[in-house]
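# A look at the structure
Listed below, chain by chain, are the residues.
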Amino acid sequence: MSSRSTASSWPWRPPTSCRSGWPTAGSGWPTSRAGERDLVIGDAFGGLSVPWQLTTREALRLVDRALADDGVYAVNLIDNPPLGFVRAELATLREVFAHVVVLARVPILTGEDGGNVIAVASQRPLDTEAIAAAMIDNDLAWRLSSGADLDAFVGDAEVLTDDHAPVDQLLTPYGRP
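Residues numbered from 1 in each chain as written. Predicted model: local features only at pLDDT ≥ 70, side-chain atom pairs only at ≥ 80, totals over all residues. Heavy atoms only, no water.

### A short note on the overall build of the protein chain
The helix and strand inventory of the protein chain stands at 6 helices and 6 strands. Counted from the first residue to the last, the protein chain has its helices and strands arranged as β-β-α-β-α-β-α-β-α-β-α-α. Considering only contacts within the protein chain whose residues lie at least 6 apart along the sequence, 73% involve residues at least 24 apart. In the structure as shown, the protein chain presents an accessible area of about 9200 Å², 52% of it carried by carbon and sulfur atoms. (Helix = DSSP H or I, 4+ residues; strand = E, 2+ residues; numbered from the N terminus. Contact = heavy atoms within 4.5 Å. Areas by Shrake-Rupley, 256 points an atom, 1.4 Å probe, with all protein chains shown as cover.)

### Here we look at helix α4 (residues 128–137)
Along α4, the residues that are buried comprise I131, A134 and M135. End-on, the buried residues of α4 take up no more than an arc of 100°, which puts them together on one face. For α4, the exposed residues set more than 90 degrees away from the buried face come down to E129 and I136. Where α4 is buried, its residues touch β4 (99–105) and β6 (142–145). At the C-terminal side of α4, D139 shows a positive phi close to 55°. (Buried < 20%, exposed > 50% of the residue type's maximum accessible area, 1.4 Å probe, protein only. Arc of directions from axis to C-beta.)

### Considerations on the pairing of strand β3 (residues 67–79)
Within β3, 11 of the 13 residues are buried, which leaves it mostly tucked inside the rest of the structure. Looking at chain direction, strand β2 (residues 37–42) and β3 are connected through 5 bridges and run parallel. Considered in β3, the bridge of G42 is made with V75. Across 8 bridges, β3 lies against strand β5 (residues 115–122) in antiparallel orientation. If you follow Y73 over to β5, its bridge partner there is A121. (Pairing = 2+ DSSP bridges.)

### Things to note about the pairing of β5
With respect to burial, β5 is a largely interior element, 6 of its 8 residues being buried. Bridge count for β4 against β5 is 5 bridges, and the pairing is antiparallel. Within β5, the residue paired with V101 across the bridge is V120.

### Brief notes about the nonpolar core
Formed by 33 residues in total, the largest nonpolar core has its most connected members in Y73, F85, V86, L90, L93 and F97. Secondary structure elements with two or more residues in this core: α1 (57–66), β3, α2 (84–96), β4, α3 (106–109), β5, α5 (147–154) and α6 (167–170). No other element matches α2, which puts 7 residues into this core. Dropping the residues within four chain positions of it, L90 is found in contact with V100, V102, A119, L150, F153 and V154. (Core = buried A, V, L, I, M, F, W, Y, C linked by side-chain atoms within 4.5 Å.)

### Observations concerning the packing of aromatic side chains
Counted under the stated rule, the structure contains 1 aromatic pair. Note on Y73 and F97: the rings are 6.2 Å apart at their centroids and 25° apart in plane angle, and the pair reads as stacked. Residue Y73 is located in strand β3, and its partner F97 is located in the loop between α2 and β4; the two are separated by 24 residues in the primary sequence. In terms of burial, Y73 and F97 fall into one category: buried. Sitting over the ring of F153, R87 keeps its end group 4.4 Å from the ring centre. (Phe/Tyr/Trp six-rings, centres within 6.5 Å; stacked < 30°, edge-to-face > 60°. Lys NZ or Arg CZ within 6 Å of the ring centre and 35° of its normal.)

### Here's the deal with the pattern of salt bridges
Within the structure shown, the criterion is met by 5 salt bridges. Here E58 makes a salt bridge to R57, at a shortest N to O gap of 3.5 Å. The exposure class of E58 is partly exposed, given its relative accessible area of 24%. D151 serves as the salt-bridge partner of R94, at 2.3 Å between the closest nitrogen and oxygen. Here D151 lies in helix α5 and R94 lies in helix α2, a separation of 57 residues in the sequence. Salt bridges sharing common partners tie together R57, E58 and E95. (Salt bridge = Lys/Arg side-chain N within 4 Å of Asp/Glu carboxyl O.)

Written out as structure tokens, the structure is:
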């Protein structure tokens, strides 16, 4: 990352009194008041071990409930080709949130490599031009995928639910040698 990178260079700026949260297993989302959070960040995995309870449609509905009307959920995901888990989690996010974009290196977006993927979701439109410009301004070799490109990337991936979330089977633990 470039030394020019600062929080002020990113397109989403929290309000003066930003109310944020990080979901964890048993974190109490069911008891959070509706609209209490402006930003929720999901980053709960150890290596390639992902707590399935945080990946389901039902869990994401609780995150959405906790968010303000214009709130944003940003989640760090990890997988390797064929990216079954990432695709399923994106399908799940798209079922809950009206607007979802993905940030990743091009080889990941083309299915040629694995690694981290950031999904950004909201009920309000996201400023994709500003997000993409911020990545370029900060010398990130990542790109944004949305719309038809994201449709093609997700394909017919299944939505993860509390009754069916085979995260361990969807995750590919190692990239190509």
